[in-house]
There are 2 protein chains.
Amino acid sequence: MEYKDLLGGKGANLAEMMSVLNLPVPHGFTISTDACRDYMHGGWPKSLTDEMTKHVAALEKKMGRKLGDSKDPLLVSVRSGAKFSMPGMMDTVLNLGLNDKSVIALATTTNNERFAYDSYRRFISMYGRIVLGLDGAVFEHALDKAKEVANAKTDADIPASALRELCEVYKQAVATATGKPFPQDPAKQLRGAVEAVFRSWNGPRAIAYRVREKISHELGTAVNVQAMVFGNRDENSGTGVGFTRNAATGDSKPYGDFLVNAQGEDVVAGIRNTEDLNALKKKFPIIHSELLEIFARLERHYKDMCDTEFTIEQGKLWMLQTRVGKRTGAAALRMAVEMTKPTGTGKKAWKISKTEAIMRVAADHLDQVLHPQFATKSKSIAKGLAASPGAAVGQVFFTADDAEAAALAGKDVILVRAETSPEDVHGMMVAKGILTSRGGLVSHAAVVARGWGTPAIVGADAVKISGNSFTANGVTVKEGDWLSLDGTTGEVMLGQLALMASKPPKEFDTILKWSDEVRKGKMDVRANADTNEDAKKARELGAQGIGLCRTEHMFLAPDRLPVVRRMILASSPEEEAAAFEELRKVQRKDFVALLKEMSGLPVTVRLLDPPLHEFLPHVSELEIKKATSGLDAEETTLLHAAHEWSEVNPMLGTRGVRLGVMKPGLYAMQVRALMEAADDVASKGYEPIVEIMIPLTVTREELALARSWVEDVLADINSRPVPKAKKGEKSIKRPKVSIGTMIETPRAALRAGELAEVSDFFSFGTNDLTQMTFGFSRDDVESRMMPAYLEAGLLKRNPFETIDQSGVGELVFLAAERGRKVKRGLKLGVCGEHGGDPESIGMFFRAGLNYVSCSPYRVPIARLSAAQAVIGGIKSETK
Amino acid sequence: MEYKDLLGGKGANLAEMMSVLNLPVPHGFTISTDACRDYMHGGWPKSLTDEMTKHVAALEKKMGRKLGDSKDPLLVSVRSGAKFSMPGMMDTVLNLGLNDKSVIALATTTNNERFAYDSYRRFISMYGRIVLGLDGAVFEHALDKAKEVANAKTDADIPASALRELCEVYKQAVATATGKPFPQDPAKQLRGAVEAVFRSWNGPRAIAYRVREKISHELGTAVNVQAMVFGNRDENSGTGVGFTRNAATGDSKPYGDFLVNAQGEDVVAGIRNTEDLNALKKKFPIIHSELLEIFARLERHYKDMCDTEFTIEQGKLWMLQTRVGKRTGAAALRMAVEMTKPTGTGKKAWKISKTEAIMRVAADHLDQVLHPQFATKSKSIAKGLAASPGAAVGQVFFTADDAEAAALAGKDVILVRAETSPEDVHGMMVAKGILTSRGGLVSHAAVVARGWGTPAIVGADAVKISGNSFTANGVTVKEGDWLSLDGTTGEVMLGQLALMASKPPKEFDTILKWSDEVRKGKMDVRANADTNEDAKKARELGAQGIGLCRTEHMFLAPDRLPVVRRMILASSPEEEAAAFEELRKVQRKDFVALLKEMSGLPVTVRLLDPPLHEFLPHVSELEIKKATSGLDAEETTLLHAAHEWSEVNPMLGTRGVRLGVMKPGLYAMQVRALMEAADDVASKGYEPIVEIMIPLTVTREELALARSWVEDVLADINSRPVPKAKKGEKSIKRPKVSIGTMIETPRAALRAGELAEVSDFFSFGTNDLTQMTFGFSRDDVESRMMPAYLEAGLLKRNPFETIDQSGVGELVFLAAERGRKVKRGLKLGVCGEHGGDPESIGMFFRAGLNYVSCSPYRVPIARLSAAQAVIGGIKSETK
């Protein structure tokens, strides 16, 4: 059993902070998951009472205070801590140890009666709800009434006397509901709280969460009992959040926010504007240097940037939380590269390897630095803190609900709030950009936006919100107005500014270079590109070839569509042949441009795939015209053809190689155009490498037939004289052509062994494979059904974004295995959109694929992810 | 190695006829497949020449004649004979041994110069084409010229002298083409012919055939060299076809057709009208009794009805072919049942077991006896032989091509031909009925039609065909006119007669009863039925429950459609609830009727499956109306809804349980209606057994959610008082309800283990599973693509008729295995159309399914097929 199994995640972290890192952590103890399991099976374990008594005694000794003491009482928090984090799913009780006596002592020792009774009030209501099962409304009502009586606007305005009375009301409510007085004995309080945490393991929220996350119900939770510390006791107290490096830029200088005489929530909520570490240095110089020393120790330990929460209670520093911190994309890249050089000196110097550096950068980080910036600027109407970089343009909405509704209606949204809280997350999630008038760089809005790479500006004081509009420096902005945010500079601008591609930092190239070294020969990255422009971009971004060139895009060009239609409408073989001939000529030109651009790299050309009706007008359009203004002769012919080729389920219709079988000259024409283009560019000194791909095959016989068409053309081309080389160059060689198929139906995956007999390579078309394996028409279900399914946990991920490993993934593994069994050297790739998704790339690597192919702009991410897959792969081999 | 491996199918059959059955078979020998394999790898095996010399000498000795002899020459046939029959794929040479000398001897011994030179002419041309590789056109042209010169209408009119001259012309043609004279040495002729047969193994037709049939190219062919016998030598010769029992009725009396002085082709082609066995008895009494003795011996050996081909050459009987014969459905049933009682007496008596009897009846046989008959009769315009039973009505077409075109255009076709040949098969295949003016019960038309169960009348002499019309007894029938054929009586009637259901023979029930005994507890047969009428029919035909009740059919009734639309259009939860309430009431009534009908048997109710747009008008219809006459308010609402719910690929859209997730009250309403109906019928003394089926699930979570809706309703219903029993009867019990899912997506099959956790049964929806596994939209590809695919051998079977064992089948096996691994007692069934297909049923049994469910009319076939599957299953267990 690991530490985490027994102590839970939080308990293990506390133990590590205390014993390994030697940090000033408030003392406490952890009740192990064993006890919880015992409790679940047989109720409260008798031995646990004694054990807890001992633990409490030891804690009281360490702290020099006692629970419930009438002079200097100890207060503790009781928190759950399971092995796997289950945020918000289980219960917490704070300020435990307060009772009618100790609250007076607390008021005396803190010299703050209001603080003491507010703490007591909170404790009674928390304990009442969580341990005793009271309805929270009871306490809410009483609080509201107290506010009314005291004529208080906020909770903070309630005077101490009113709070003291409120405690009486609360206790009475507990007595009424339970028939017993509110427990005064701290030992009883503690047992109740621990039991409540145990019980919350089997609360409905927790069970539902575990079902969804596939966490075993048998694990149980640990319980952490820890001395409370208060940063709001006096002016010699405070609380803050610190980063060992700058989480926004990656700069190696520590960074932090700090408030005197405040609680942690005050910093995070952004209610008061914070001060920086320099202010801390001035006010608490010793604590400042102690903190910096802790930062160095943390970095040395984690070999990474950490974020921390700390509290100063009456001049003493306490570390409440330390962990590896979140960062922006630019920061992640900079830190990863910089950390490969030593930090610190002498024995204490540390660094990370290039492999570790690669693993430190997430796909989202690259995505962020590839974020667009503004092409031009306009005068800003306000300036705030640049909390999350990138440029955002959208229409303004003032509540999370409004923002969500607008985004669902297809609008680009800028969410504007005074400050944000977890209740706003659904609106923040859909926003292109976030603007708050309050809060600092570690406020909720800033942290969340950075995590997602959403541009954000926080603490823009000038922004005065009132209902559904705000004013800033005299300018009024109403709901629905356009706003442009520069999250990199903090500038808020009116209207829709034009965007331009961003310039990634120099570490971007370094990390990708290292990634390429790692994955070399193990997993290639290609791009899906149909034109030479796409191909050029792909090559610039590091693609090692074209994994998918869709020839239908060439058919849809306005000057070609009429020819394609002539081919479809041909009433005789001669007419059809004439149309093919015209198409051959134009296709040849396209292929020449593409093969030139990709000289020396493989280009996989997929023969025509989509149903023919995609090249015809819509039946309904023509039918309406027929019913209203009538059709001319050509339109009548088109209507007839549109009817003939229309399909009930085009996704499963006459597509791919089926078209080839229906129109046998089609594929031959395309291959001829391609191979003539190859000869052409070869004679000009380029090096074409051609792979011909047959789409949508389901039987060996079908693929063998299609292959024979291709081979017939190749034989014919090869029987012609080899074109002469450019003068002065050595004679050209015709490219060796490989012929393969897409694996995009479940049957093709199942019968991959047979298909491999007549295939030089497989390319997984995971988009269609996902559609057919799930029976999900992407056009139909993704917008209508997918959000509800993800929300309800019926699907964990959108399987069109991240491959469904357990269903579609099994087919990929099985096809790879069966194909390679028949043909050991079978080349395997993927050309669905999953080829650019990190998690999917990991699976493809494990399935033995040689390459992934994705859209040109995803190529950098795929390069990184492939390297991470390889590193992960190496790891799992040596486990 | 088996006999068949070495001797090929034909060689092994000849050996069996000769040595085991001791039949008078023309002597001969077989060159083994070993020799062919040697030839393929290293050319002509030297030892083979010596071996053949020895074989020929032995054959000559047995026959008392010598090859190429100038007095009484031996003639032989040289035929291929591979292990697996490859009809028409390889070459045959007849009359080998003729040369310039032996042809004179043949003319002398047969006293028939014409016969001799006609035989020689045929030999030269056959040898020239097949062995020497000449173009057949050379011989055709010479023959045409000879006919012209002799002023002969048909080949038979060419006089002997002209044929003699033709032989000279043929020989000259061979000499010109090959530069060598036509070989006169019979040994050389033989070696050439054997080598040609060997070569034909690797001919393009043969290779293509083997690829398609998955026969190894390594097997090679055997070669059968056999003495020629001639039924057309004189009036003391003849040829015939004999059946050991009546193949049309099953009557145990032998039956046959016979022609004096004729060749086998003459009988089969139906050119001359034949005589029966009584005529044989009169003309050849000894041979008649010899033949009957052989019939008895054959039946004893094969324990089955056999058909035979025999030739009498100058008073001696030769058996050319014997095999188990094809038969009509009625005959198959009668024979199978009768053969379970002893045939013959004493030691020679034989019989078959009930199990064997079951295996003797094919699904097609049952189909035939279930064929409709005419409800009324009209005066016949002609009468012919009742060649294949059943009634057929259609429009007349006179060529196979016209018939095919008409059938493709959706017409019911009656094919009328003077006689048929293999070239007509494509027209026969699509015909509802076949009528010929010539030929007997073993003519091509009769044999083929019986094999397919297509009603047919042959040898209707009165029918005089001329171009695209025929006259019969003064009535003229033109192309496209309606005709009714009674294949059971041989009557040809004008117009479209009404049909009625047929009355199967009494043996039908016997065989099905035996089948039920065999499959009891091993494989049940249910029916797909949506209404109580369907259910009644199903129960009558022996269904053991309803495997699929599609509730959408209840929704489509004209009085309900408006309510369904109100449900879809509901703009508030209240409106929706009101529509649900109305639907609940009507559904309840339907369920009451159904559950009454199926009292005591399980009824599987599938909750609503089809996409909602199926209940709305077509978008294009309304759009056209909008563009022309405009829409009223209701229509405008409907158009909006039709757009909203329209789908690009409805097969993969918002269907099945996805609908349930979108409209959470829907399934609860259906379950409520069903369970109230169950209470209702139970209180009236019926015994409802209910299985609730969730369609189209792909994830465990989805099924768990749907199951919870069902369970919530069940809990609510169960909390109500149990309804009172009919007075006098014991108190009722609510039925135990099982809840299961369809397995109809590849993902559901792959994740069957998870789904089994929350499922009491699986029902395979193999229609949709086939659509998704292949990516075949049945609506789109079956008519457009499937014929071309089957023709080209890209698919061996239409996978919507017979399950694709190697693709879809693997998913069925895998799901069954994974489901049962999690839940051992998981009930498994199938409710796609494959549930009524014999071969598919065999696979379902092997996959461990508990039942199949098919349309009511297929139930008898499924009962038989399931029994045969069980018997096959037992066999394979004891192999």
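Residues numbered from 1 in each chain as written. Chains lettered and ligands numbered in written order. Predicted model: local features only at pLDDT ≥ 70, side-chain atom pairs only at ≥ 80, totals over all residues. Heavy atoms only, no water.

**Things to note about the overall build of chain A**
Phase 1 of the analysis: Looking only at helices and strands, chain A features 36 helices and 32 strands.
Phase 2 of the analysis: C-alpha extents for chain A along the principal axes are approximately 105 × 65 × 55 Å.
Phase 3 of the analysis: Put simply, chain A has 879 residues, and 55% of those count as buried.
Phase 4 of the analysis: Taking contacts inside chain A between residues at least 6 apart in sequence as the whole, the part at least 24 apart equals 68%.
Phase 5 of the analysis: By element, 52% of the accessible surface of chain A is carried by carbon and sulfur atoms, the whole surface being about 37,100 Å².
Phase 6 of the analysis: Within chain A, the 112 negative side-chain charges are centred at a point lying 6 Å from the centre of the 115 positive side-chain charges. (Helix = DSSP H or I, 4+ residues; strand = E, 2+ residues; numbered from the N terminus. Buried < 20%, exposed > 50% of the residue type's maximum accessible area, 1.4 Å probe, protein only. Contact = heavy atoms within 4.5 Å. Areas by Shrake-Rupley, 256 points an atom, 1.4 Å probe, with all protein chains shown as cover. Lys, Arg positive; Asp, Glu negative; His and termini not counted. Charge placed at Lys NZ, Arg CZ, Asp CG, Glu CD.)

**Let's talk about the pairing of strand E19 (residues 463–466) of chain B**
All names here are of chain B.
Phase 1 of the analysis: Here E19 pairs with strand E20 (residues 469–472) via four bridges, running antiparallel. Its bridge partner being in E20, Val463 is matched across the sheet by Ala472.
Phase 2 of the analysis: With antiparallel pairing between neighbouring strands as the criterion, E19 and E20 make up a hairpin whose turn holds two residues, including Gly467 at a positive phi of roughly 60°. (Pairing = 2+ DSSP bridges.)

**Here's the deal with the packing of aromatic side chains**
Phase 1 of the analysis: Going through the model one piece at a time under the given rule, you end up with 24 aromatic pairs over all chains.
Phase 2 of the analysis: An angle of 50° between the planes, with centres 5.8 Å apart, marks the rings of A:Phe555 and A:Phe615 as tilted. With A:Phe555 in helix H21 (residues 552–555) and A:Phe615 in the loop between strand E27 (602–606) and helix H24 (619–628), this residue pair connects regions lying 60 residues apart in the sequence.
Phase 3 of the analysis: For A:Phe555, a relative accessible area of 1% corresponds to the buried category.
Phase 4 of the analysis: Note on A:Phe615: relative accessible area 1%, which makes it buried.
Phase 5 of the analysis: Through pairs of rings, three or more aromatic residues link up here, namely A:Tyr39, A:Trp44 and A:Phe198.
Phase 6 of the analysis: The ring of A:Trp318 carries A:Lys316 above its face, with NZ or CZ at 4.4 Å from the centroid.
Phase 7 of the analysis: The aromatic ring of B:Tyr117 is capped on one face by B:Arg164, whose charged end is 5.9 Å from the ring centroid. (Phe/Tyr/Trp six-rings, centres within 6.5 Å; stacked < 30°, edge-to-face > 60°. Lys NZ or Arg CZ within 6 Å of the ring centre and 35° of its normal.)

**A word on unusual backbone geometry**
Residues and elements named next belong to chain A.
Phase 1 of the analysis: One non-glycine residue with positive phi stands out, namely Gln314, at about 45°.
Phase 2 of the analysis: With respect to the helices, strands and loops of the structure, Gln314 is situated in the loop between strand E10 (306–313) and strand E11 (316–324).
Phase 3 of the analysis: A positive phi angle, near 65°, is found at Leu696, a position not held by glycine.
Phase 4 of the analysis: Turning to its location among the elements, Leu696 is positioned in the loop between strand E28 (689–694) and helix H28 (700–718).

**Concerning the relation of the copies chain A and chain B**
Phase 1 of the analysis: It takes a turn of 180° to lay chain A on chain B, together with a shift of 0.2 Å along the axis; the resulting RMSD is 0.3 Å. One copy is carried onto the other by what is essentially a two-fold rotation axis.
Phase 2 of the analysis: Taken together, the interface assignments show that 100% of the residues at the interface of chain A recur at the interface of chain B, consistent with an identical surface on both copies. (Least-squares fit on C-alpha atoms with pLDDT ≥ 70 in both.)

**What to know about the nonpolar core**
Phase 1 of the analysis: Of all hydrophobic cores here, the largest spans 244 residues; its most connected members are A:Met675 and B:Met675.
Phase 2 of the analysis: Discounting residues that sit within four places of it in the chain, B:Met675 has contacts with B:Val690, B:Ile692, B:Leu714, B:Ile717, B:Pro735 and B:Val737. (Core = buried A, V, L, I, M, F, W, Y, C linked by side-chain atoms within 4.5 Å.)

**Here's the deal with helix H6 (residues 136–150) of chain B**
Residue and element names in this part refer to chain B.
Phase 1 of the analysis: Taking 1.5 Å as the rise per residue, H6 with 15 residues should run 21 Å; its terminal C-alpha atoms sit 21 Å apart, in good agreement.
Phase 2 of the analysis: Listed in full, the buried residues belonging to H6 are Gly136, Phe139, Ala142, Leu143, Ala146 and Lys147. Relative to the axis of H6, the buried residues are bounded by an arc of 140° and lie together on one face. Set apart from the buried face of H6 by more than 90 degrees, the exposed residues are His141, Lys145, Glu148 and Val149.
Phase 3 of the analysis: On its buried side, H6 packs onto helix H5 (113–130) and helix H7 (160–178).
Phase 4 of the analysis: Downstream of H6 by one or two residues, Asn151 has phi in the positive range, about 55°. (Expected span 1.5 Å × (residues − 1). Arc of directions from axis to C-beta.)

**Looking at the pattern of salt bridges**
Phase 1 of the analysis: Under the defined criterion, the tally for this structure stands at 107 salt bridges over all chains.
Phase 2 of the analysis: Across the pair A:Glu810 and B:Arg818 runs a salt bridge, and its minimum N-O distance is 2.4 Å. Of this pair, A:Glu810 sits in helix H34 (residues 808–822) while B:Arg818 is found in helix H34 (residues 808–822), placing the two residues in two different chains.
Phase 3 of the analysis: Taken together, the shared-partner salt bridges connect B:Glu581, B:Arg584, B:Arg588, B:Arg672, B:Glu676, B:Asp680, B:Lys684, B:Asp716 and B:Arg720 into one network. (Salt bridge = Lys/Arg side-chain N within 4 Å of Asp/Glu carboxyl O.)

**Quick word on the sheet that holds strand E1 (residues 28–31) of chain B**
Residue and element names in this part refer to chain B.
Phase 1 of the analysis: Taken in spatial order, the four strands make up an open sheet running E1-E6-E4-E5, and their pairing is antiparallel. Of all strands in the sheet, those with a lone pairing partner are E1 and strand E5 (92–96), marking the two edges. Sheet twist, expressed as the average angle between the axes of neighbouring strands with direction ignored, equals 20°.
Phase 2 of the analysis: Here strand E4 (residues 76–82) runs beside E5; their pairing, made up of three bridges, is antiparallel. The residue of E5 that forms the bridge with Arg79 is Thr92.
Phase 3 of the analysis: Its contacts with the sheet place helix H8 (residues 186–200) against E1, E4, E5 and strand E6 (221–227), and it is angled at close to 145° to E6. (Axes fitted to C-alpha atoms, helices over the stretch in contact; angles between N-to-C directions.)

**Points about the interface of chain A and chain B**
Phase 1 of the analysis: Of the residues lining the interface, 56 residues belong to chain A; the matching set on chain B comes to 56 residues.
Phase 2 of the analysis: In terms of surface lost to chain B, no three residues of chain A exceed A:Leu652, A:Arg784 and A:Leu794, which account for 14% of the buried area on that side.
Phase 3 of the analysis: Linking chain A with chain B are six salt bridges, by the criterion used here.
Phase 4 of the analysis: Here B:Arg747 makes a salt bridge to A:Asp804, at a shortest N to O gap of 2.6 Å. (Buried area = accessible area lost by both parts, 1.4 Å probe.)

**A look at the side chain of B:Arg863**
Phase 1 of the analysis: Within the secondary structure, B:Arg863 is located in helix H36 (residues 859–878).
Phase 2 of the analysis: With residues near it in sequence (within four places) discarded, B:Arg863 still touches B:Leu512, B:Ser515, B:Asp516, B:Arg519, B:Val525, B:Leu541 and B:Gly542.

**Here we look at the confidence of the model for chain A**
Phase 1 of the analysis: Mean pLDDT over chain A stands at 89; residues scoring 70 or higher make up 96%.
Phase 2 of the analysis: As scored by the predictor, the complex reaches a pTM of 0.80 and an ipTM of 0.79. (pLDDT = per-residue confidence, 0-100.)

**Overview of the sheet that holds strand E9 (residues 275–276) of chain B**
Residues and elements named next belong to chain B.
Phase 1 of the analysis: Strand order in the open sheet made by the five strands is E9-E8-E7-E10-E11, with antiparallel pairing throughout. In this open sheet, the two strands that pair with only one neighbour each are E9 and strand E11 (316–324).
Phase 2 of the analysis: Across six bridges, the pairing between strand E7 (residues 238–243) and strand E10 (residues 306–313) is antiparallel. Considered in E10, the bridge of Thr239 is made with Thr311.
Phase 3 of the analysis: Sheet strands touched by helix H12 (residues 285–302): E7, E10 and E11. Its angle to E11, the strand with the most contacts, is close to 25°.

**Points about the packing of H34(A) against helix H35 (residues 838–846) of chain A**
Residue and element names in this part refer to chain A.
Phase 1 of the analysis: With their axes 10 Å apart at the nearest point, H34 and H35 run at an angle of 30° to one another. Of the possible angle classes, the one that applies to H34 and H35 is roughly parallel. Remark: the crossing between H34 and H35 carries right-handed chirality. Contacts between H34 and H35 involve Gly809, Val812 and Phe813 from the first element and Met843, Phe844 and Arg846 from the second.
Phase 2 of the analysis: The residue makeup of the contact of H34 with H35, split by class, is four nonpolar, one polar and one charged. (Parallel < 35°, antiparallel > 145°, perpendicular 65-115°, else oblique. Left-handed = near helix turned anticlockwise from the far one by under 90°. Nonpolar A, V, L, I, M, F, W, Y, C, P; charged D, E, K, R; others polar.)

**Brief notes about the packing of H24(A) against helix H25 (residues 633–645) of chain A**
Residue and element names in this part refer to chain A.
Phase 1 of the analysis: At a minimum axis separation of 9 Å, H24 and H25 run at an interaxial angle of 140°. Compared by their axis directions, H24 and H25 come out oblique. As for how H24 packs across H25, the hand of that crossing is left-handed. Side by side, H24 and H25 meet where Val619, Leu622, Glu623, Lys625 and Lys626 of the first sit next to Glu635, Leu638, Leu639, Ala642 and His643 of the second.
Phase 2 of the analysis: Residue classes in the contact of H24 with H25 are distributed as five nonpolar, one polar and four charged.

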